Amino acid sequence: IDDLAKADYSLNSLPAVFQPFIDLDLKGTVYPAGNCSGPPYVAAPFTIPDQSDSMLYLAFSEYFFQTSSFAYYTAGAFNITIAEETCSYFNISTEVFGSIIPEVAKHSVTPYPVMLKLMATEIPIISLEQDSFTVEIQGSMEVFAVLPDSTPQSLFTMNIVS
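Residues numbered from 1 in each chain as written. Predicted model: local features only at pLDDT ≥ 70, side-chain atom pairs only at ≥ 80, totals over all residues. Heavy atoms only, no water.

Chemist: How do you make sense of the overall build of the protein chain when you look at a structure like this?
Modeler: What the protein chain contains, in helices and strands, is three helices and 10 strands. The C-alpha atoms of the protein chain give a radius of gyration of 23 Å, which is well past the 15 Å a tight globule of 162 residues would have. A principal-axis box enclosing the C-alpha atoms of the protein chain has dimensions of 75 × 35 × 25 Å. Counting over 162 residues, the protein chain shows a buried share of 24%. Sequence separation of at least 24 residues holds for 50% of the intrachain contacts in the protein chain that already meet a minimum separation of 6. (Helix = DSSP H or I, 4+ residues; strand = E, 2+ residues; numbered from the N terminus. Rg over C-alpha atoms; globule rule 2.2 N^0.38 Å. Buried < 20%, exposed > 50% of the residue type's maximum accessible area, 1.4 Å probe, protein only. Contact = heavy atoms within 4.5 Å.)

Pasting the structure below:
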């Protein structure tokens, strides 16, 4: 898929060949790149509704999305740092946070640039229901003041559930 994850598509059973179509029962699993150990999920069988008005039908199971989430979480893809030098439109200072959070204003009288570290703290949970795709992410955000010597000084950490 990319540098962080790879996909393995294997047949669960022999192809079923019928007059108007071929049925391939594939199991798609996503692994962290360089690590093919089994993910902590079990693939549940599912069916797609019988239809015959298209040439190709493709269905993705919850298992496929769960293993994708596991692979990218394991590879650290859900951990990002946002700073002024890496993101030109990001220009938040301690002065902005100080106006919202009084404790920040007490500890940071001089306005300094801010750096955010966002991290998933658990594997994101992906659920598929009829007409719905849900992603639950638990994480944390640590906010740093970047001092004149480029040293980050932690201001606060908050837990996030979405």
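Don't stop here, the text continues.
Chemist: How do you make sense of a nonpolar patch on the surface when you look at a structure like this?
Modeler: Together, Y9, L11, V17, I22, L24 and L26 make up an exposed nonpolar region whose accessible area comes to about 640 Å². By the secondary structure assignment, I22 is in strand β3 (residues 22-23). (Patch = residues over 30% accessible without salt bridge, like charges linked within 9 Å, V, L, I, M, F, W, Y side chains within 5 Å. Areas by Shrake-Rupley, 256 points an atom, 1.4 Å probe, with all protein chains shown as cover. Salt bridge = Lys/Arg side-chain N within 4 Å of Asp/Glu carboxyl O.)

Chemist: Please clarify how the packing of aromatic side chains should be interpreted in this entry.
Modeler: What describes a pair of aromatic rings is the distance from one ring centre to the other and the angle between the planes of the rings. Across all of its chains, the model carries four aromatic pairs by this definition. Taking the centre distance of 5.6 Å and the plane angle of 80° together, the rings of F64 and F65 count as edge-to-face. What links up through ring pairs into an aromatic cluster is the set F60, F64, F65 and F133. (Phe/Tyr/Trp six-rings, centres within 6.5 Å; stacked < 30°, edge-to-face > 60°.)

Chemist: Help me understand unusual backbone geometry, please; the structure alone is not making it clear to me.
Modeler: Excluding glycine, residues mostly have negative phi values, and the peptide bonds linking residues are mostly trans. Within the chain, D131 stands out as a residue other than glycine whose phi angle is a positive 65°. You will see that S150, though not glycine, has its phi angle at about 70°, which is positive. Tracing the chain through its elements places S150 in the loop between β9 (138-146) and β10 (152-161).

Chemist: Any chance you could explain the nonpolar core here in plain terms?
Modeler: A general tendency of soluble globular proteins is for nonpolar side chains to be buried together. With seven residues, the main nonpolar core is built from F97, V104, V114, L116, M141, V143 and F156. Residue assignment for this core shows that the elements contributing at least two residues are β6 (114-120) and β9. The residues contacting F156, other than those within four sequence positions of it, are F97, I101, V104, M141, E142 and V143. (Core = buried A, V, L, I, M, F, W, Y, C linked by side-chain atoms within 4.5 Å.)

Chemist: It is not clear to me how the environment of L56 should be interpreted in this structure. Could you clarify?
Modeler: Here L56 is to be found in the loop between β4 (26-32) and α1 (62-74). What makes L56 exposed here is its relative accessible area of 68%. Sequence-wise, L56 and F21 are 35 residues apart; in three dimensions their C-alpha atoms are separated by 9.2 Å.

Chemist: What should I look at first to understand the environment of P152 in this one?
Modeler: Inspection of the secondary structure puts P152 in strand β10. The spatial distance from the C-alpha of P152 to the C-alpha of S69 is 30 Å, given a sequence separation of 83 residues.

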